[in-house]
Amino acid sequence: MPEIRLENIEFGYDPKIPVIKGISYTLDKPEFVCIMGPNGVGKSTLIHCLNKILKPTAGIVYLDGRDVQEMKLKELASHMGYVPASSQDSFPLTVVDTVMVGLQNDFKFGTNASDLQKVYDVLKLMKVEHLAMKNFNELSAGQHQKVMLARGLVRTPEIVLLDEPTSNLDIKHQIQVTKTLSELPRTKGMMVIMISHDINITAKYADRIILISDGKVFADGSPLEVLTKENIREVYDVDADVLEIDGRPHIILNDAIDDE
């Protein structure tokens, strides 16, 4: 399993106003890691620094001891998959062909039976195999998101980065997809790093939570360690009760804290 190590990462779209600042942590084993925090604290920016979409204005992201900024995109893609936040992208392709695009980093011409099997396996994993021959442009927003997830997972990358992958799904499918993603470290040996806003679904399935506040790591650890009443109040400005059920926190949100 490759090691991701961040050393004092900083980035700002305006150099004078950093969005993330002084972020350091290490990920070095198959686990389901969820990055949480309020809107605008730099979660997506952090993901984009991991996969070279953005170059940190300070600090270094290492992949197995190498600065990712010095790696070619092809080499980085051989280790790391990425599923962006939902967008309005459309493809005049069938679902099978759309997911097949995810194999393009193998730089092969044409497809074979092995490629098709990978596609159908990942469509089954996402429970959308019945859509295989549908036109991608005809899908609902939720189906669209599941197919994009399948495309990001089809190569079974060692590391996969996911930017709010359940944002267009109803609660049933949010739970199904999050549970499926949480099983990949154990079934496929993958490191899954996901931005999430659903506090109770994350609490139920995450192995590790990195809680971001004001561009910095506020807390990092197991769901029980991170999702405390005090942390939720400090980071989200919300009063909550936290129960422990089967070794996992369950959060009962009470009320937003009035601004003074």
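Report follows, based on the coordinates. It should be emphasised that the depicted structure is a prediction, and the values quoted were computed from it without experimental measurement. (Residues numbered from 1 in each chain as written. Predicted model: local features only at pLDDT ≥ 70, side-chain atom pairs only at ≥ 80, totals over all residues. Heavy atoms only, no water.)

**A look at the pattern of salt bridges**
Should their charged atoms come close, side chains of opposite charge can pair. Following the criterion strictly, the structure yields nine salt bridges and no others. Taking the shortest distance from any N to any O, the salt bridge between Glu31 and Arg208 comes out at 3.5 Å. Placement of the pair is Glu31 in the loop between strand E2 (20-27) and strand E3 (32-36) and Arg208 in strand E9 (residues 208-213), with a sequence separation of 177 residues. Here Asp239 makes a salt bridge to Arg233, at a shortest N to O gap of 2.3 Å. Residue class for Asp239 comes out partly exposed when judged on its relative accessible area of 28%. For Arg233, a relative accessible area of 41% translates into the label partly exposed. Sharing partners across several salt bridges, the network here consists of Glu3, Arg5 and Glu7. (Salt bridge = Lys/Arg side-chain N within 4 Å of Asp/Glu carboxyl O. Helix = DSSP H or I, 4+ residues; strand = E, 2+ residues; numbered from the N terminus. Buried < 20%, exposed > 50% of the residue type's maximum accessible area, 1.4 Å probe, protein only.)

**Overview of the sheet that holds E2**
Strand order in the open sheet formed by four strands is E2-E1-E4-E5, with antiparallel pairing between adjacent strands. Two strands bound the open sheet, and with one partner strand each, they are E2 and strand E5 (66-67). Two strands pair when backbone bridges link them, and strand E1 (residues 4-11) and E2 are joined in this way by five bridges, in the antiparallel orientation. Bridging from a neighbouring strand, Ile4 pairs with Leu27 of E2. (Pairing = 2+ DSSP bridges.)

**Observations concerning the layout of surface pockets**
Quantified by volume, the second largest pocket comes out at close to 180 Å³. Every residue along the wall of the second largest pocket is listed here: Lys118, Asp121, Val122, Leu125, Leu153, Val154, Thr156, Leu184, Lys188 and Met190. The greatest single-element share of the lining of the second largest pocket, amounting to four residues, is contributed by helix H4 (residues 113-125). Partitioned by chemical class, the residues of the lining of the second largest pocket number six nonpolar, one polar and three charged. (1 Å grid on protein atoms, 1.4 Å probe; cavity = no way out; pocket = protein on both sides within 12 Å on 5 of 7 lines; lining within 4 Å. Points joined across faces, edges and corners; volume = space filled by probe spheres on them. Nonpolar A, V, L, I, M, F, W, Y, C, P; charged D, E, K, R; others polar.)

**Re the sheet that holds E3**
Ordered in space as E6-E7-E8-E3-E9-E10, the six strands form an open sheet in which the pairing is mixed. Either end of the sheet is taken by a strand with one partner, and the two such strands are strand E6 (80-83) and strand E10 (216-221). Taking each pair of neighbouring strands and ignoring which way they run, the sheet shows an average axis angle of 15 degrees. Where helix H1 (residues 43-50) meets the sheet, its contacts fall on E3, E6, strand E7 (159-163), strand E8 (191-195) and E9, and the angle it forms with E8 comes to roughly 145 degrees. Sheet strands touched by helix H5 (residues 141-153): E6 and E7. Its angle to E6, the strand with the most contacts, is close to 170 degrees. (Axes fitted to C-alpha atoms, helices over the stretch in contact; angles between N-to-C directions. Contact = heavy atoms within 4.5 Å.)

**A few points about the pairing of strand E12 (residues 248-256)**
Bridge analysis of strand E11 (residues 238-245) against E12 gives eight bridges, and the strand direction is antiparallel. Note that in E12 the partner of Ile245 across the bridge is Arg248. Here E11 folds back onto E12, and the loop between the two strands holds two residues, one of which, Asp246, carries a positive phi near 55 degrees.

**Thoughts on the packing of aromatic side chains**
Throughout the structure, instances matching the rule amount to one aromatic pair. Ring geometry for Phe11 versus Tyr13: centroids 4.8 Å apart, planes at 85 degrees, classification edge-to-face. Judged by relative accessible area, Phe11 falls into the buried class, the value being 8%. A residue is classified by how much of its surface remains accessible, and Tyr13, at 55% relative accessible area, is exposed. Between the NZ or CZ atom of Arg5 and the centre of the ring of Tyr62, over which it lies, the distance is 4.3 Å. Directly above the aromatic system of Tyr205 lies the positively charged group of Lys204, at a separation of 5.6 Å from the ring centroid. (Phe/Tyr/Trp six-rings, centres within 6.5 Å; stacked < 30°, edge-to-face > 60°. Lys NZ or Arg CZ within 6 Å of the ring centre and 35° of its normal.)

**Points about H1**
With seven of eight residues buried, H1 lies mostly within the body of the structure. When we look at burial in H1, the residues that qualify are Lys43, Thr45, Leu46, Ile47, His48, Cys49 and Leu50. Lys52 lies just past H1 and shows a positive phi near 75 degrees.

**As for the packing of H5 against helix H6 (residues 171-187)**
Running from N to C, H5 and H6 point in directions that differ by 10 degrees, and their axes come no closer than 12 Å. Accordingly, the angle class assigned to the pair H5 and H6 is roughly parallel. Along its contact with H5, which presents Lys146, Leu149 and Leu153, the element H6 presents His173, Gln176, Val177, Leu181 and Leu184. In terms of residue class, the contact of H5 with H6 is built from five nonpolar, two polar and one charged. (Parallel < 35°, antiparallel > 145°, perpendicular 65-115°, else oblique.)

**Concerning the nonpolar core**
For soluble globular proteins, the rule of thumb is that nonpolar side chains tend to be buried together. Counting 48 residues, the largest nonpolar core has Val99, Val119, Leu123, Leu153, Leu162, Leu181 and Val192 as its most contacted members. Excluding its chain neighbours within four sequence positions, the residues that come into contact with Leu123 are Val95, Val96, Val99, Val128, Glu129, Ala132 and Ala150. Cys49, Leu63, Met80 and Ile210 belong to the second largest nonpolar core, which has 29 residues in total. (Core = buried A, V, L, I, M, F, W, Y, C linked by side-chain atoms within 4.5 Å.)

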